[in-house]
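# Overview (structure and organization)
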Amino acid sequence: MVEENLYRIVEVSLKRGTDRRDVGIMTVRQALELPDVPSLEYTHPELNSRAGSRFLTRDQLEAYVCS
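Quick summary incoming for the structure in this document. (Residues numbered from 1 in each chain as written. Predicted model: local features only at pLDDT ≥ 70, side-chain atom pairs only at ≥ 80, totals over all residues. Heavy atoms only, no water.)

### Here we look at the overall build of the protein chain
- Check the secondary structure of the protein chain and you find 2 helices and 4 strands.
- Start at the N end of the protein chain and walk to the C end: the helices and strands fall as β-β-α-β-β-α.
- At 11 Å, the protein chain has a C-alpha radius of gyration in line with the 11 Å of a compact globule built from 67 residues.
- Viewed in the frame of its principal axes, the protein chain has a C-alpha envelope of about 35 × 25 × 15 Å.
- Looking at the protein chain residue by residue over its 67 residues, the buried ones come to 36%.
- Taking the intrachain contacts of the protein chain between residues at least 6 apart in sequence as the baseline, contacts between residues at least 24 apart amount to 41%.
- For the protein chain, the accessible surface area stands at approximately 4400 Å², while carbon and sulfur atoms represent 49% of it.
- In the protein chain, which carries 9 positive and 11 negative side-chain charges, the distance between the mean positions of the two groups comes to 6 Å. (Helix = DSSP H or I, 4+ residues; strand = E, 2+ residues; numbered from the N terminus. Rg over C-alpha atoms; globule rule 2.2 N^0.38 Å. Buried < 20%, exposed > 50% of the residue type's maximum accessible area, 1.4 Å probe, protein only. Contact = heavy atoms within 4.5 Å. Areas by Shrake-Rupley, 256 points an atom, 1.4 Å probe, with all protein chains shown as cover. Lys, Arg positive; Asp, Glu negative; His and termini not counted. Charge placed at Lys NZ, Arg CZ, Asp CG, Glu CD.)

### Points about the nonpolar core
- Within the largest apolar cluster, 13 residues are counted, with the highest numbers of intra-cluster contacts made by Val 10, Val 12, Val 28, Ala 31, Tyr 42, Leu 61 and Val 65.
- Discounting residues that sit within four places of it in the chain, Val 10 has contacts with Gly 24, Ile 25, Met 26, Thr 27, Val 28, Ala 31, Thr 43, Pro 45 and Leu 61. (Core = buried A, V, L, I, M, F, W, Y, C linked by side-chain atoms within 4.5 Å.)

### What to know about the side chain of Ser 13
- Assignment of secondary structure puts Ser 13 in strand β1 (residues 9-16).
- A distance of 3.4 Å separates polar atoms of two side chains, one belonging to Ser 13 and the other to Asp 22. (Polar contact = N/O pair within 3.5 Å; in protein donor to acceptor, adjacent residues only side chain to side chain.)

### Focus on the environment of Arg 54
- Relative to the assigned elements, Arg 54 resides in the loop between β3 (40-43) and β4 (55-56).
- Each C-alpha atom, one on Arg 54 and one on Tyr 42, is 8.8 Å from the other, the two residues being 12 residues apart in sequence.

### Description of the pairing of β3
- Neither face of β3 is open: one carries Leu 40 and Tyr 42, the other Glu 41 and Thr 43, and all of them are buried.
- Sheet topology note: the β3/β4 ladder contains 2 bridges and is antiparallel. When the bridges of β4 are listed, Thr 43 appears paired with Phe 55. (Pairing = 2+ DSSP bridges.)

See the structure below:
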């Protein structure tokens with residue numbers, strides 16, 4: 001696990017169908033402490049991925065921390 005990756009900022013959203021509700025902006029560590037809800041999506045910590053509609057799943061975010 002790369003410790004510095006835990007302190008990067010992500011935006012968390014809840015996706016329901018075609019609707020997306022913002023949950024908040026938090027560190028990767030805080031985002032991974034949220035309950036494991038399949039409809040939660042996370043922006044990439046290093047990319048401006050919200051503009052490109054690119055979101056990560058929880059598993060992808062965990063993999064990012066370990067890389």
